[in-house]
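Architecture at a glance
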Amino acid sequence: MFRCLLPLAVALFTLVRVDAADAPVRREWSIDGVTREALVYAPASAKTTVTPVIFAFHGHGGTMGYAERKFSFHTLWPEAVVIYPQGLPTAGKLIDPEGKMAGWQFAIGDYGDRDLKFFDAMLATLRQDYKIDNKRIFVMGHSNGGGFSYLLWAARGEQITAVAPCAAAAIQILGKLKPKPVFHLAGENDPLVKFSWQKTTIDGVLKINQCGEGQPWDEHCLLYPSKIGAPVVTYIHSGHHEVPPDAPAKIVKFFKEQSPK
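A brief structural summary.

What counts and what doesn't
- Residues numbered from 1 in each chain as written.
- Predicted model: local features only at pLDDT ≥ 70, side-chain atom pairs only at ≥ 80, totals over all residues.
- Heavy atoms only, no water.
- Helix = DSSP H or I, 4+ residues; strand = E, 2+ residues; numbered from the N terminus.
- Buried < 20%, exposed > 50% of the residue type's maximum accessible area, 1.4 Å probe, protein only.
- Contact = heavy atoms within 4.5 Å.
- Areas by Shrake-Rupley, 256 points an atom, 1.4 Å probe, with all protein chains shown as cover.
- Lys, Arg positive; Asp, Glu negative; His and termini not counted.
- Charge placed at Lys NZ, Arg CZ, Asp CG, Glu CD.
- Phe/Tyr/Trp six-rings, centres within 6.5 Å; stacked < 30°, edge-to-face > 60°.
- Lys NZ or Arg CZ within 6 Å of the ring centre and 35° of its normal.
- Pairing = 2+ DSSP bridges.
- Patch = residues over 30% accessible without salt bridge, like charges linked within 9 Å, V, L, I, M, F, W, Y side chains within 5 Å.
- Salt bridge = Lys/Arg side-chain N within 4 Å of Asp/Glu carboxyl O.
- Expected span 1.5 Å × (residues − 1).

Here we look at the overall build of the protein chain
- In terms of regular secondary structure, the protein chain is built from 7 helices and 13 strands.
- In terms of overall dimensions, the protein chain has C-alpha extents of about 45 × 45 × 35 Å along its principal axes.
- Burial status across the protein chain gives 56% buried among its 261 residues.
- Counting contacts in the protein chain only where the partners sit at least 6 residues apart, residues at least 24 apart contribute 61% of the total.
- Of the accessible surface of the protein chain, which amounts to about 11,400 Å², a share of 56% is contributed by carbon and sulfur atoms.
- Side-chain charges of the protein chain comprise 28 positive and 25 negative groups, with the mean position of each set lying 6 Å from the other.

Below, the structure is given as structure tokens:
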């Protein structure tokens, strides 16, 4: 249904800056009269070869540039299209109650669904410009961006292959989630998104995905096989609210494992 609304949401997109061929470039969209932007990396082969996509959402107070540097998925999986979107000023639930820093909507209907519309617009542009593999569309995010990854699963799940929320919880929307492969990263000493909240989220996802007992998958990681093809990997570390340096490579490994054989 929302595809028919895309022409209204996507008034234009513009290539603003041309970088080296192997670096992300900044692009703009106009969504309901508001300029939105993202850094987009696309291999030359994406014009002619069916290509996977990773959306990587920064946390509250973050930037698309920081996400590009921190996650660097385009260097870890250079055959994929990678998009690092930029959030807008958002009143935070845990920090920044005045909404001076950039973030993402927390629930369906917040801010007129500005960020869901932004996701729709970005995906429509990628499908227009490249040969996107609709069976390999992946979403990850950190903190508020991780919460938005869960929200996208709830609201746009039919468009997404797998998600990888980091330092995030989704207790209030568990009832809206349908089975889907998940990689969830959590710090046991997270002072913002409490580990107990994340544990409740993980337990809920394991139930939704009908998963069995966990087994070693990678360092710090357990794989919970799913009888319905929706495995869950948890990366539990002893740190705080951060994304450990080795996590992006593990997320790419997980996403590749969910790709159709």
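Having seen the structure, we can now continue with the description.
Re the packing of aromatic side chains
- All chains considered together, the criterion is met by 14 aromatic pairs.
- Ring centres of Trp-104 and Phe-148 lie 5.6 Å apart, and the angle between their planes is 15°; this geometry places the pair in the stacked category. Taken together, the positions of Trp-104 in the loop between β7 (102–103) and α4 (114–129) and Phe-148 in helix α5 (residues 144–156) put the pair 44 residues apart, joining distant regions of the chain.
- Residue Trp-104 is classed as buried on the basis of its relative accessible area of 0%.
- Using a relative accessible area of 1% as the deciding quantity, one classes Phe-148 as buried.
- Through a chain of ring-to-ring contacts, the aromatic side chains of Trp-77, Phe-138, Phe-183, Trp-217, Phe-254 and Phe-255 assemble into a single cluster.
- Positioned above the aromatic ring of Tyr-111, the side-chain terminus of Arg-114 is 4.3 Å from the ring centre.
- Here the basic side chain of Lys-253 rests over the ring of Trp-217, its NZ or CZ set 4.2 Å away from the ring centre.

Things to note about the pairing of strand β11 (residues 215–218)
- With 3 bridges joining them, β11 and strand β12 (residues 221–224) adopt antiparallel strand pairing. Looking at the pairing, Pro-216 lines up with Leu-222 of β12.
- Taking the residues between adjacent antiparallel strands as the criterion, β11 and β12 are bridged by 2 residues, where His-220 takes a positive phi near 70°.

Observations regarding the environment of Phe-106
- Tracing the chain through its elements places Phe-106 in the loop between β7 and α4.
- Sequence separation between Phe-106 and Ser-72 is 34 residues; the distance between their C-alpha atoms is 25 Å.
- Once residues lying within four places of it in the same chain are set aside, the contact partners of Phe-106 are Thr-90, Ala-91, Gly-92, Lys-93, Asn-144 and Leu-151.

What about a nonpolar patch on the surface?
- A grouping of Leu-94, Ile-95, Met-101, Ile-171, Leu-192 and Trp-197 is seen on the molecular surface, where their side chains present a nonpolar patch of about 480 Å² in accessible area.
- Inspection of the secondary structure assignment puts Ile-171 in the loop between β9 (162–166) and β10 (182–187).

Describing the pattern of salt bridges
- On inspection of all chains with the given rule, the structure shows 13 salt bridges.
- Two residues, Arg-114 and Asp-115, come together in a salt bridge whose shortest N-O distance is 3.1 Å.
- For Arg-114, a relative accessible area of 13% gives the class buried.
- Put simply, Lys-250 and Asp-246 hold a salt bridge, and the shortest N to O gap is 2.8 Å.
- On the basis of relative accessible area, Lys-250 is assigned to the buried category, the value being 7%.
- Given a relative accessible area of 25%, Asp-246 falls into the partly exposed group.

Quick look at α4
- With 16 residues, α4 should reach 22 Å at 1.5 Å per residue; the first-to-last C-alpha distance of 23 Å fits that figure.
- When α4 is considered as a whole, its buried residues turn out to be Arg-114, Asp-115, Leu-116, Phe-118, Phe-119, Asp-120, Ala-121, Met-122, Leu-123, Thr-125, Leu-126 and Asp-129.

Describing the environment of Ile-83
- For Ile-83, the position within the fold is in strand β5 (residues 81–85).
- Given a relative accessible area of 0%, Ile-83 falls into the buried group.
- In this structure, Ile-83 is in contact with Trp-29, Ala-38, Leu-39, Val-40, Ile-54, Phe-55, Ala-56 and Met-122, ignoring residues within four places of it in sequence.

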